Every structure is written in structure tokens, then in C-alpha cells.
Amino acid sequence: MELRKRDESKDDPGGQVRVLQLITRRQRRGAEVFACQLSDSLAALGHRVLLSGLYEPHGTPLQPSRAEVCDVGGTRRRPIHPATLRRLVTLVRSFQPDLVQANGSDTLKYGSLARRLSGGRWPLIYRNISMAGQWIRYPGQRVWGRWLLGAVDHVVAVSDVSRADFIRTYGTPESRITTIPIGVFVPERIDQDSSREAVARACGSDLGSAEILIHVGSHTPEKNHIWLIEAFDEIRRRRPGVHLVLLGDGPGRPEIEAAVKATGSESVVHILGSRADAAELVAGADLLLLPSLVEGIPGVILEASAQGVPSLAFDVGGIHEAVRHGETGFLVPPGEKEAFVDRALELLADPALRRAMGAAARAFVRREYSMEAITARFEALYRELLSDPVRA
């Protein structure tokens, strides 16, 4: 567990903050991708940032371009793996952060326990990435969560809906929880033709002028892949020639592959796994589909919007904060397959509408969700916590 240093000769030590960004693992999922991008943005401002995954990465790991990397290298075990906790405490003592940010999932319990065991006075931020209340399965979880949050100085929620849900779930005082959404980089120009060619190469198929629908998400139940494949089966029957590209991976992949086979759609459904070039592939699509059952605010919608691609999604969680219905895409009530299929067909039949919605979506994220603006909000929160006279 050796820290890999970067050149700090150009940094401004006077304003530097040492930030440990803790993630579950360096995997290409929304919470982790954003934490990696935020780490690089903060490092570009002169801060020293260490991105650390609790567990060993799978496949091709996320690799920041500016921030340092040092994974804890632990083993996932419930409820707590003592060796993983010891390794995290060792890492914290070695790096000596001014501040630690725990980004969703298991980082709350390990960050909270490491704070207590290390005796650190550094502020601990927990970034809530979803709808906390929907993951409570039994009363003990709520009690456990409240105890863990006792070591947390501030909570950042990804959407206003997530914030309200978190307050209801854990009784967190409103003064200790702030909404800061995901930020995205908006490219100066988009070459959709080149991106379509990239999609075709990835699919190993000559797509020609076929319309391309795309979904990005881990292969887990809340992403609702089986329902999506069934809905797509209806879409392709009413509009032959359309293709569906699935980006992501996870434990549900065998079931998803079986569903594709059961609908006889192997030639038009392309399961590409987790991809480092996901943003380029999304830019080559005509429409992003996202029938998730649980979401805080999905980075994939913001990424698609940045590429000028409209979205069709279930109206759950904070998705309505990322999609302006009828302007940047369409929202439908969860589970309403007929409405979902009809909206998809409406957009496929009207290229001018798709282009107008894509342009509006791109302008919307540039105005509301640019990485520069979101990074500035995190930086301001860090400085506010570090200036607390109680810690001085």
C-alpha cells in the first residue's frame, strides 16, 4: 500500500488542502467515476488529492490523470472486515489528510470507523449517492446508520430529493446536509459520425444508418435490465432495424444474456460490458434509455446530455432534476411499458425533435452541472468545514 506521488512543483502550498477521496473500488460506476473526475479537478486547482478504493479493482480500473492513487486493497465482507479497516487506518495515518470524503456504499462504515480508531480530527464528509430510505431492509440498519453518521461532519446529497429522503431516513439535521449534484465535463464539439463508427466497431457490426438506443448501468436489479429488454422487444417489432447497446457489467449479466436470447434479439442487442470509452459511445447514440427503479441523480443522463443525446427515463428519485420533461427528454411513470415504448418510438420517428432535445440538454448541463462549477462548490464546503473554530 505505497503512495504514488505526483509532481507538486506547480502547486500553491498556501491554499492546498489534502483530500482523501474514498470509494468502494476503482470501478466504472457512477459514484466512482464522478469521485475520480472530482479528484482530478481538485488536483488541477492545486490541492493534493488521494483517490483510494476500499477493495481491489476488477477489470480495467479507473485511473485519474492528476490525483494520486493508493487503494486500501481490502476484501469485501459483511458487516466489517477487520483487516480492511486496519489497512484503511494505516493509509489515513500515512497520508495525513486535512479532510476525508467517503463516496457512497461501504465507504460510510469504513470511513466512520477509521475516523474513530485513528483519533483523527479531520472532517469527514459522506456523499449520499442514492435514495437512502429505499435500501433500509430492517430496523437495525437505520440504527447502525445513525451511529455511523455520528462520526460524519457533513453529508452531501446528489439531489434535493435524495437530501429530503436522507433527512427522513436518518434524522440528519438540515444544517448538516447539503445538495451538490454530480458535475460533468461538456466537450467543446461533438463528432457524432465518428462516435457512431466507434459504436459499430465496438458492436462488431455494420450498423449503417440504423438508430441506436443506449443504456449505461451496472448489471444489478435496480437498473431493471430485464424490463428494458422486454420493452425494447416491443420497440423493435414496431420499428425494425433499431439497435440497443448495453454498457456496464455486474452479477446480473448471465440473466440479461438469457433474456436477450429468449426474445431472439441477439443480432440487435449488444452487451459491451464496462468500457473506458463509454462517453464516446454514448455520443454516437440517438437516445439514452434509463428505466431505473432507484436513482439519486444519474450521472449517465448528465453525461449523455453533455454529448447532446436526449434521455427517456422512469420518473424516480432525483431523475426529474436531470431531465426536463418535454424539453431535454421524456419521463414516464415507473413500470408503464406502453408509455415508455410510445415515447421511444415518438423520438425515433422525429430526428428534428431528437436534435432539439439534445441541444437543449447540452445547454442545460453546461449551465447547471458543469464540472468546474460543481468542483467550486465542493471546494467551498471543504474550506468552510476546515475553518470551523471548533477544529482550529
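Owing to the predicted nature of the structure, the values given are computational and were not obtained by experimental measurement.

## Observations concerning the environment of Ser 370
Point 1. Take Ser 370: it is sitting in the loop between helix H13 (351-368) and helix H14 (371-386).
Point 2. Separated by 184 residues in sequence, Ser 370 and Val 186 have C-alpha atoms that sit 6.8 Å apart.
Point 3. Not counting chain neighbours up to four residues away, the residues in contact with Ser 370 comprise Gly 183, Val 184 and Val 365.

## A word on unusual backbone geometry
Point 1. At Gln 96, a residue that is not glycine, the phi angle is positive and equals roughly 55°.
Point 2. Within the secondary structure, Gln 96 is located in the loop between helix H2 (82-95) and strand S4 (99-103).
Point 3. Overall, the relative accessible area of 56% leaves Gln 96 in the exposed class.
Point 4. In the Ramachandran plot, Ser 105 falls in the positive-phi region, its phi being about 55° despite a non-glycine side chain.
Point 5. With respect to the helices, strands and loops of the structure, Ser 105 is situated in the loop between S4 and helix H3 (107-118).
Point 6. By relative accessible area, Ser 105 is classed as partly exposed at 38%.

## Focus: the sheet that holds strand S8 (residues 212-216)
Point 1. Spatially, 6 strands are ordered S10-S9-S8-S11-S12-S13 in an open sheet, and the strand pairing comes out parallel. Strands at the two margins of the open sheet, each flanked by one partner only, are strand S10 (269-273) and strand S13 (329-332). On average, each strand axis in the sheet is tilted by 20° relative to the strand beside it, whichever way the strands run.
Point 2. With 4 bridges connecting them, strand S12 (residues 311-314) and S13 associate as parallel partners.

## Focus: the side chain of Glu 222
Point 1. With respect to the helices and strands, Glu 222 occurs in the loop between S8 and helix H7 (225-238).
Point 2. The buried charged residue Glu 222 lacks any salt bridge partner; its closest oppositely charged side chain belongs to Arg 29, at an N-O distance of 4.1 Å.
Point 3. For Glu 222, the residues in contact, after removing those within four places along its chain, are Arg 29, Trp 135, Ser 292, Leu 293 and Val 294.

## Things to note about the packing of H2 against H3
Point 1. Axis separation between H2 and H3 bottoms out at 9 Å; the angle between their running directions is 60°. Between H2 and H3 lies a crossing of right-handed hand. Residues Thr 84, Leu 85, Leu 88, Val 89, Val 92 and Arg 93 of H2 form the contact with H3, whose participating residues are Tyr 110, Gly 111, Leu 113, Ala 114, Leu 117 and Ser 118.
Point 2. Along the lines of polarity and charge, the residues of the contact of H2 with H3 split into 8 nonpolar, 3 polar and 1 charged.

## Concerning the confidence of the model for the protein chain
Note: predicted coordinates in regions of low pLDDT should not be interpreted at a detailed level.
Point 1. Confidence in the prediction for the protein chain averages 92 pLDDT; 95% of positions are at 70 or higher.
Point 2. Segment residues 4-14 is flagged for pLDDT under 50; beyond a separation of four residues in sequence, or across chains, it makes 16 contacts in the model.

## Here we look at the pattern of salt bridges
Point 1. Following the criterion strictly, the structure yields 20 salt bridges and no others.
Point 2. A salt bridge links Glu 346 to Arg 343; its shortest N-O distance comes to 3.0 Å. Here Glu 346 and its partner Arg 343 are both found in helix H12 (residues 337-348), 3 residues apart, which amounts to about one turn of the helix.
Point 3. Assessed through its relative accessible area of 34%, Glu 346 is described here as partly exposed.
Point 4. In this structure Arg 343 comes out as partly exposed when scored by relative accessible area, which is 26%.
Point 5. Taken together, the shared-partner salt bridges connect Arg 196, Asp 286 and Arg 354 into one network.

## Some remarks on the pairing of strand S1 (residues 18-23)
Point 1. Buried residues dominate S1, accounting for 5 of its 6 residues.
Point 2. Pairing of S1 with strand S2 (residues 48-53) involves 6 bridges; the strand directions are parallel. Within the sheet, the bridge partner assigned to Val 19 lies in S2 and is Val 49.
Point 3. One ladder, built from 4 bridges, connects S1 with S4; its direction is parallel. Within S4, the position partnered with Val 19 by the bridge is Leu 99.

Criteria and cut-off values
Residues numbered from 1 in each chain as written. Predicted model: local features only at pLDDT ≥ 70, side-chain atom pairs only at ≥ 80, totals over all residues. Heavy atoms only, no water. Helix = DSSP H or I, 4+ residues; strand = E, 2+ residues; numbered from the N terminus. Contact = heavy atoms within 4.5 Å. Buried < 20%, exposed > 50% of the residue type's maximum accessible area, 1.4 Å probe, protein only. Pairing = 2+ DSSP bridges. Axes fitted to C-alpha atoms, helices over the stretch in contact; angles between N-to-C directions. Lys, Arg positive; Asp, Glu negative; His and termini not counted. Salt bridge = Lys/Arg side-chain N within 4 Å of Asp/Glu carboxyl O. Left-handed = near helix turned anticlockwise from the far one by under 90°. Nonpolar A, V, L, I, M, F, W, Y, C, P; charged D, E, K, R; others polar. pLDDT = per-residue confidence, 0-100.

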